[in-house]
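What the coordinates show
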Amino acid sequence: MTQIRTKQPAGAAQEAGRQQVFDNILGAIGNTPIVRLNRLPESPHTEVLAKLEFMNPGGSIKDRIGWWLLEDAERRGVLKPGGLVVEGTGGNTGIGLAMAAAVKGYRCVFTVADKMSEGKIKALRAFGARVVVTPTVTPDDPRNYCRVARRIADEEPNSVYIDQYNNLANRDYHYRHTGPEILRQLPDVDVLVAGLGTGGTLCGTGRFLKDQKPSLKVIGVDPVGSVLYNMYKFGQSPPVQPFLIEGIGKDCVPANIDFDLIDDVVQVEDKEAFPLTRRLLKEEGIYAGISSGSAIVGALRWIREAGEEAVGKKVLVILPDTGSRYMSKVYDDDWMAANGLLDESVGIHDEQEDE
Ligand code: PMP
């Protein structure tokens, strides 16, 4: 392997933030570092940088909207002291909400589809939340996780359904905070790449950056099987098909997605995203989740297809969550092999000797 030289001393980021003392854990949200990828990019002519959202205290970008959506509900008068916070979540929004609810003194109930990683469900329970695991079914099925969440909120007194998908306060957070943060850190950013779940991250951040820099390109990443790519390209889509990537991809278009803002949507497959998530750890030392690997696959594809347009550009990719949530999946050789995803070059155990 080629050796990567660095001018910066290790720990430069900690040094810069040394004097920060916060009143509670919520103050530690945001200001996540951006690092350059040195081995994964395929062309020396385009710089690929990663924003490490797993450095948030709860391990994901969703810490950012957790407290923001609670404060939004408080401002609207729908969340009152002692209230119950109800949300359908892939896990990370639940953790962000549970962290803010712990500080603010609210109770939580989360509905989670059964395809989500065990690690996320355990983490939600560890926060003291009630977790209802629902079957992975289409949105019109009454057992769908969002429909169950809405029903619980309707039935329970003093409760609020947060609805990260359609509550526009989600993308508003990213417009007001994540966008300006990125512009401060990387004023010469040219392209923003992020996976689409609710769309809050890409559309809020992208709208702010494009308002400041109209030449900026906003690129969404969607798993094969999700409807978003087809809805963006053709205005219609075949129904959702199963995919293993977590946190991005959807069976309908959430209100937080603004297709008019987005310059392109790139599709990624499970069989590309899982091995690349491992390469991210082995080759760059970055311990991130599967949607992070997916976003990088998408960024590299966009760069390849853009050709000349990508030359000399700085491409910023959002890495939403930590790899620790996926130990039983992407970082487990047996699970990877059972799902046909184990590329021999990335097996964890392949260099170990039998005793
Ligand atoms: N990756 C992960 C792991 C997530 O949990 C989410 C949120 N569902 C996303 C990406 C997508 O972010 P957004 O909802 O802002 O589009």
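Only a predicted model underlies this, so the values are computations on that prediction, with no experimental measurement involved. Numbers given for residues are sequential positions, taken from 1 along each chain in its written order. The model is predicted, so local features are restricted to residues of pLDDT at least 70 and side-chain atom pairs to those at 80 or more, both for listing and for counting; the totals for chains, interfaces and linings are taken over all residues.

A short note on the packing of helix H6 (residues 169-185) against helix H7 (residues 200-212)
Between two packed helices, what matters for the description is the angle formed by their axes and the separation of those axes. With axes taken as lines fitted to C-alpha atoms, and helix axes fitted only over the stretch in contact, angles between N-to-C directions fall between 0 and 180 degrees. Secondary structure elements are taken from DSSP: a helix is a run of H or I of four residues or more, a strand is a run of E of two residues or more, and numbering for both begins at the N terminus. Between H6 and H7, the shortest axis-to-axis distance is 7 Å and the interhelical angle comes to 50 degrees. Looking at the two axes, H6 sits oblique to H7. Handedness of the H6/H7 crossing: right-handed. Here Asn170, Arg171, Asp172, Tyr173, His174, Tyr175, Thr178, Gly179, Pro180, Ile182 and Leu183 of H6 come into contact with H7, specifically with Gly200, Thr201, Cys203, Gly204, Thr205, Arg207, Phe208, Leu209 and Gln212. Working definition: roughly parallel below 35 degrees, roughly antiparallel above 145 degrees, roughly perpendicular at 65 to 115 degrees, and oblique for all remaining angles. Helix crossings are classified by the rotation of the near helix relative to the far one: an anticlockwise turn of less than a right angle makes the crossing left-handed, while a clockwise turn makes it right-handed. Distance between backbone-placed C-beta atoms decides contact: two residues are in contact if it is within 7 Å.

Some thoughts on the site of the ligand
Working rule for contacts: place C-beta from the backbone, and if it is within 6 Å of a molecule or strand, that residue counts as near it. Surrounding the ligand, one finds 17 residues, the nearest of these being Gly197, Thr198, Thr201, Gly247 and Ser291. Split by residue class, the shell around the ligand holds 3 nonpolar, 12 polar and 2 charged. Gly is placed with the polar residues, together with every amino acid not listed as nonpolar (Ala, Val, Leu, Ile, Met, Phe, Trp, Tyr, Cys and Pro) or charged (Asp, Glu, Lys and Arg).

Quick notes on the packing of helix H2 (residues 62-75) against H6
Between H2 and H6, the least distance of the axes is 10 Å, while the angle of their chain directions is 115 degrees. As for how H2 packs across H6, the hand of that crossing is right-handed. From H2, Arg64, Ile65, Trp68, Leu69 and Asp72 reach across to H6, where they touch Ala169, Asn170, Tyr173, His177 and Thr178. Here the contact of H2 with H6 is built from residues that sort into 5 nonpolar, 3 polar and 2 charged.

What to know about the nonpolar core
Residues enter a nonpolar core if they are buried, belong to Ala, Val, Leu, Ile, Met, Phe, Trp, Tyr or Cys, and are joined to the set through C-beta atoms within 7 Å. Exposure classes come from backbone-placed C-beta atoms, where a residue is buried if 20 or more other C-beta atoms lie within 10 Å of its own, exposed if 12 or fewer do, and partly exposed in between. Ranked by internal contacts, the top residues of the largest apolar core, which has 52 residues, are Leu192, Val193, Ala295, Ala299 and Val317. With 8 residues, the single largest contributor to this core is helix H10 (residues 290-306). Apart from the residues lying within four places of it in its own chain, the contact partners of Ala299 are Val48, Val193, Val315 and Val317. Core analysis: the second largest hydrophobic core is formed by 37 residues, Ile65, Ala73, Val85 and Ile95 among them.

As for helix H5 (residues 145-155)
The set of residues buried in H5 consists of Tyr145, Cys146, Val148, Ala149 and Ile152. Take H5 and look down its axis: the buried residues cluster within an arc of 160 degrees, on one side only. For H5, exposure combined with an orientation more than 90 degrees from the buried face picks out Asp154 and Glu155. Those residues of H5 hidden inside the fold are in contact with strand S3 (84-88), strand S4 (107-113), strand S5 (130-134) and strand S6 (159-161). Taking the helix axis as origin, the arc is that swept by the directions to the C-beta atoms.

Brief notes about the sheet that holds strand S2 (residues 47-52)
By the convention used here, strands pair only if DSSP detects at least 2 bridges between them. Overall, mixed pairing links the 6 strands, which are arranged S1-S2-S10-S7-S8-S9 in an open sheet. On the outer flanks of this sheet lie strand S1 (34-36) and strand S9 (264-268), each paired with one strand and no other. If you compare each strand with its neighbour and ignore which way they point, the axes differ by 25 degrees on average. Where S1 meets S2, 3 bridges bridge the pair, whose relative direction is antiparallel. When the bridges of S2 are listed, Arg36 appears paired with Leu49.

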